[in-house]
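# What the coordinates show
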Amino acid sequence: MEFLRSRRLYGIILVVLGLVSLPYWASRYWILVILLFSLNLALSQMWNLLAGYSGLISLGQQAFIGLGGYTLGVFSIYYGLPISLSILIGGIISVLFALMISAPIFRMRGVYFAIGTWTVAEVLRILFSNWKYVGYGMGLFIKPAYKLSFNTIYYAALAVGIASVMVVYFILRSKLGLGLMAIRDEETASETLGVDIFRCKLNCFLISAGMTGIVSGVLYLHNIFIQPYSAFGIDWTVRLVFITIIGGIGTIEGPIVGSFLYVLLHQWLSEYPSVSLLILGAIAISVILVAPKGIMGTIQEKLGFEILSPRRK
Amino acid sequence: MYGIERGSRGLSGNGGSIGVNSLLRVQNIDVFYGDFHALWDVSLEVEEAFVVSIIGANGAGKSTLMNTIAGVLSPSKGTIEFHGKRINGLMPYQAVAEGISMVPEGRRVFPRLTVLENLEMGCYIHKARQKKDKVLRKIYELFPILEERRNQLSSTLSGGEQQMLAIGRALMCEPRLVLFDEISLGLSPLVIKNIYQRVKQINTEGITALLVEQDIQRSLKAAHKVYIMQSGRIRLEGRPGELSSENIHKAYFGL
Amino acid sequence: MLSILNELKVPITNGLLLGGLYGIIGIGMSMIFGIVRLVNLAHGDLIILASYLSLVAMTFFPVNPLFTLIVVIPVMCIIGFIIQYCLLNRILGKGMNPPLLIAFGLSIILQNLLLLIFTPDARTLLTSISVKTIPLGNFLNIPLVYLVDFIVALVSIALLSRFFNRTYMGKAIRAASDDEGAAQLMGINTKTIYAFAMALASGTAGIAGILVGMTFTFYPHTGPEYLIIAFGVVIIGGLGSLLGTFLGGLILGLAQLLGAHFLGPGFQLLSGYLILLIVLTFKPTGLFAKG
């Protein structure tokens, strides 16, 4: 067991090293692919943390994407703060917002929670569209990001991508993680055993909000232009949901596989964005009907094979 | 020869022969609830126009057996024949079409429908709809309180009235066999006595009854034949008069 | 007092009339949520699909969009039946999430399908009704199309109510939603019943779609807007009664237009969302919930 584990660890380290060295030997196309992959990976890991492990199906992650991106824009443009600091503040503001809405939102269960989170994001969308300070619906050009090289942005994306996987992995191995596993398996029983369900879920909600805010900052370094309609749009969540479902909800490897497939599909069909979403939707429905645990979930079930196992051995 | 009352067969009246025809035959069935092995090699036979009672403590498997006959559960092994036709594996709504009706445990009347609407649901199957008014009159005769409360929401009825409604509802489709699952649960002795009198009345019209009861005495009084179950198996069967108290208790407790 | 009323007469009347439209938008979702315990996240997109269907029908027969109801309603019913029977029935009872996600998938597929077929241009079901107004004495002018929306919605809901209270199928649907197992014991094939309920709900989406198309412009992506409206109506009005849903629509309409009146036109949707969030937080079962 120990030998196998270290083999796995070496394999992972090799892959990471390969990715880090990518700009030195790969084409720009592939660097872009891995960049997008890392960003999507980070976002879907956070969605998975909520939906797959905490049982909170959120359709409102885009609230934090918008907040993170706008924080980057506002603080770096208006206040001239360094970019890394602005991104960090984006994460902090996201956490604070999440804390603020947690009281009403956590009173909602199941589908009410889903629609509630979605509505909150829509509220933000309307507010930002009508806010003079951020340029109304016309958005902002994040000029300070122009001076960054493509490779710098790539490394930032890679960093958050890897960080997201590590965050989820270590959460699951921690006390919080034990609580989540217990909740996932049997919510009412775990409550009687002293697991503070509300606390567990709230912590996950906050962590996921903060991470998403930070990732969004990096994302908008790449996109440069932010406007309320797309930043707070449901399309973000659409893609995260599909990625996680297809890859395997409730597994760490799921979003990895799902993000990779998504980015490839998207690049392949970049001429026809609607078609890629259509295909994605059809695949997602088929997956739910046929193999509801997704690709990695089904593999884990059938072969008992886990690359990054959060289980204590 | 048997010294037991048995009326003419069926409401449509078919001469009233005193043959001992087997209406329901359960042969060697095994039933699983997920991984839990609930019934072990269970066999029973219900003759036409009989009242047959299944007795057992909680968890003996009585309701599982009823649910399997009604089609809610499926046996993994063995067969169930109704009037010569194989019915294991049928969905509940198909079993109704064959002529089996169930008064479910806990009554399960539709709370947001009125008494009349509940009864109407009893004759949902197409064959029964045409005869609705005729059968409804008979049900009202049997349970006058239902006519009185016909436009009330069924959730406003008392326990005993709901039980009568559940029974009336099961009779609306003119079934050949009615399954009564624990109809005395939660009711006072007087009400129970009342209800059992109606069951007897129903049976004298020729409808076959399969009852599940925890109360040993009441079962022995009401039935022509009893089966005693324990831990998912049939431990004893026979006519009430022929079974000794000692044997009954041994079987009931699995001793 | 009178002057306040005079100032508010337009948003109040328009709010109520629009509320009727919102009511018929929400009825379909209310039915599915209350009966099959499923939230159809594709409901808004089904409404827009109906708008486009009407558009197509009108290219063949240049008639008043209301006449296209004859074609659109049956088509929508069939679509709804198939969706329930082939897709959603498969994952009934496997928890709340799979149906939610499948509906989500359907929503995206519908939107992008419409985008591919019809391009992102704004469309509308133009008719002379859309621009006329009717004077109500000297008091005020009512946009004719709002009035038509309200009347059609009211009539539809009244018909639906009759269906649920007077027909075997309607009562069977109610019975199945009370207790699925007991309904099965009555000889009711609940899987088929659910498919019929979904067909009915999609039919109402058809009606809503045509009304929406006559009243507003629509794009392939307008679906989610109406989904949130539908959900808002259902939540505010409460589950379990058609009348409650209709009243929910009226309240939402009022809230939106009064909000727009006081805060500005950009805040019309916002006012609706805020009311929804408030009700979700404090009384998720709705203001008029039954049992």
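Calculation notes
Residues numbered from 1 in each chain as written. Chains lettered and ligands numbered in written order. Predicted model: local features only at pLDDT ≥ 70, side-chain atom pairs only at ≥ 80, totals over all residues. Helix = DSSP H or I, 4+ residues; strand = E, 2+ residues; numbered from the N terminus. Rg over C-alpha atoms; globule rule 2.2 N^0.38 Å. Buried ≥ 20, exposed ≤ 12 C-beta atoms within 10 Å, placed from the backbone. Contact = placed C-beta atoms within 7 Å. Nonpolar A, V, L, I, M, F, W, Y, C, P; charged D, E, K, R; others polar. Pairing = 2+ DSSP bridges. Axes fitted to C-alpha atoms, helices over the stretch in contact; angles between N-to-C directions. Core = buried A, V, L, I, M, F, W, Y, C linked by C-beta atoms within 7 Å. Parallel < 35°, antiparallel > 145°, perpendicular 65-115°, else oblique. Left-handed = near helix turned anticlockwise from the far one by under 90°. Expected span 1.5 Å × (residues − 1). Right-handed = clockwise from strand over helix to strand, strands pointing away.

### Section: the overall build of chain C
Tallying secondary structure elements over chain C gives 11 helices and two strands in all. Each helix (α) and strand (β) of chain C, taken in turn from the N terminus, gives the series α-α-α-α-β-β-α-α-α-α-α-α-α. Expected size for 291 residues packed as a compact globule is a radius of gyration near 19 Å; at 19 Å, chain C falls within 12% of this value. C-alpha extents for chain C along the principal axes are approximately 60 × 45 × 35 Å. Residue burial in chain C is summarised as follows: out of 291 residues, 57% are buried. Contacts in chain C between residues far apart in sequence, at least 24 positions, make up 75% of those at least 6 positions apart.

### Some remarks on the interface of chain B and chain C
Of the residues lining the interface, 20 residues belong to chain B; the matching set on chain C comes to 16 residues. Listed by contribution, the elements that provide at least two residues to the side of chain B that touches chain C are helix 2 (92–98) and helix 3 (115–122) of chain B. Considered class by class, the residues forming the side of chain B that touches chain C number 15 nonpolar, one polar and four charged.

### Quick look at the sheet that holds strand 7 (residues 177–181) of chain B
All names here are of chain B. With mixed pairing, the six strands of this open sheet are ordered in space as 6-7-8-3-9-10. Pairing within the sheet leaves two strands with one partner each, and these edge strands are strand 6 (100–103) and strand 10 (233–238). Averaged over all adjacent pairs, the angle separating strand axes in this sheet is 20 degrees, with direction ignored. The sheet contact formed by strand 9 (residues 225–230) and strand 10 spans five bridges and is antiparallel.

### Here's the deal with the pairing of strand 1 (residues 22–33) of chain B
Residue and element names in this part refer to chain B. Bridge count for strand 1 against strand 2 (residues 36–47) is eight bridges, and the pairing is antiparallel. Each residue of the ladder has a partner; that of L24, found in strand 2, is V46. Where strand 1 hands over to strand 2, the hairpin turn is made up of two residues, of which G34 adopts a positive phi near 65 degrees. Pairing of strand 1 with strand 4 (residues 77–82), which is carried by five bridges, proceeds in the antiparallel orientation. Bridge pairing in strand 4 places R25 opposite E81.

### As for the nonpolar core
L179(B), I25(C), I32(C) and A197(C) are the most contacted members of the largest nonpolar core, which totals 271 residues. In terms of residues, this core owes the most to one element, helix 8 (residues 190–215) of chain C, which gives 15 residues. Aside from chain neighbours lying at most four places away, what touches I32(C) is L38(C), N40(C), A197(C), M198(C) and A201(C).

### Some remarks on the sheet that holds strand 2 of chain B
One open sheet holds the four strands; their spatial order is 2-1-4-5 (chain B), and the pairing between them is antiparallel. Of all strands in the sheet, those with a lone pairing partner are strand 2 and strand 5 (85–86) of chain B, marking the two edges.

### What to know about the packing of helix 6 (residues 168–178) of chain C against helix 8 of chain C
All names here are of chain C. Two elements in contact, helix 6 and helix 8, have axes whose closest approach is 10 Å; the angle formed by their N-to-C orientations is 110 degrees. In terms of orientation, helix 6 and helix 8 fall into the roughly perpendicular class. Taken as a pair, helix 6 and helix 8 cross one another with a handedness that is left-handed. Counting all contacts with helix 6, which are made through M169, A172, I173 and A176, the residues of helix 8 involved are T190, I193, F196 and A197. Of the residues belonging to the contact of helix 6 with helix 8, the class tally is seven nonpolar, one polar and no charged.

### Quick look at helix 7 (residues 150–173) of chain A
Across its 24 residues, helix 7 of chain A extends 35 Å between first and last C-alpha, which sits within 8% of the 34 Å expected from 1.5 Å per residue. Three or more residues of helix 7 of chain A are buried, namely Y154(A), A156(A), A157(A), L158(A), V160(A), G161(A), S164(A), V165(A), V168(A) and L172(A).

### Re the pairing of strand 7 of chain B
The side chains of a regular strand alternate, first on one face of the sheet and then on the other. Residue and element names in this part refer to chain B. The element strand 7 is extensively covered by neighbouring structure, given that five of its five residues are classed as buried. Residues of strand 7 alternate between two faces, with L177, L179 and D181 on one and V178 and F180 on the opposite face, all of them buried. Strand direction decides the pairing type here: strand 7 and strand 8 (residues 208–213), joined by five bridges, are parallel. Residue pairing across strands places D181 opposite V212, the latter belonging to strand 8. Regarding topology, helix 8 (residues 189–204) serves as the crossover connection from strand 7 to the parallel strand 8, and that connection is right-handed.

### Section: the interface of chain A and chain C
The partner chain C presents 29 residues to the 30 residues of chain A that form the contact. Those elements that place two or more of their residues in the side of chain A that touches chain C are helix 6 (110–129), helix 12 (235–247) and helix 14 (273–290) of chain A. For the side of chain A that touches chain C, the class distribution of residues is 22 nonpolar, six polar and two charged.

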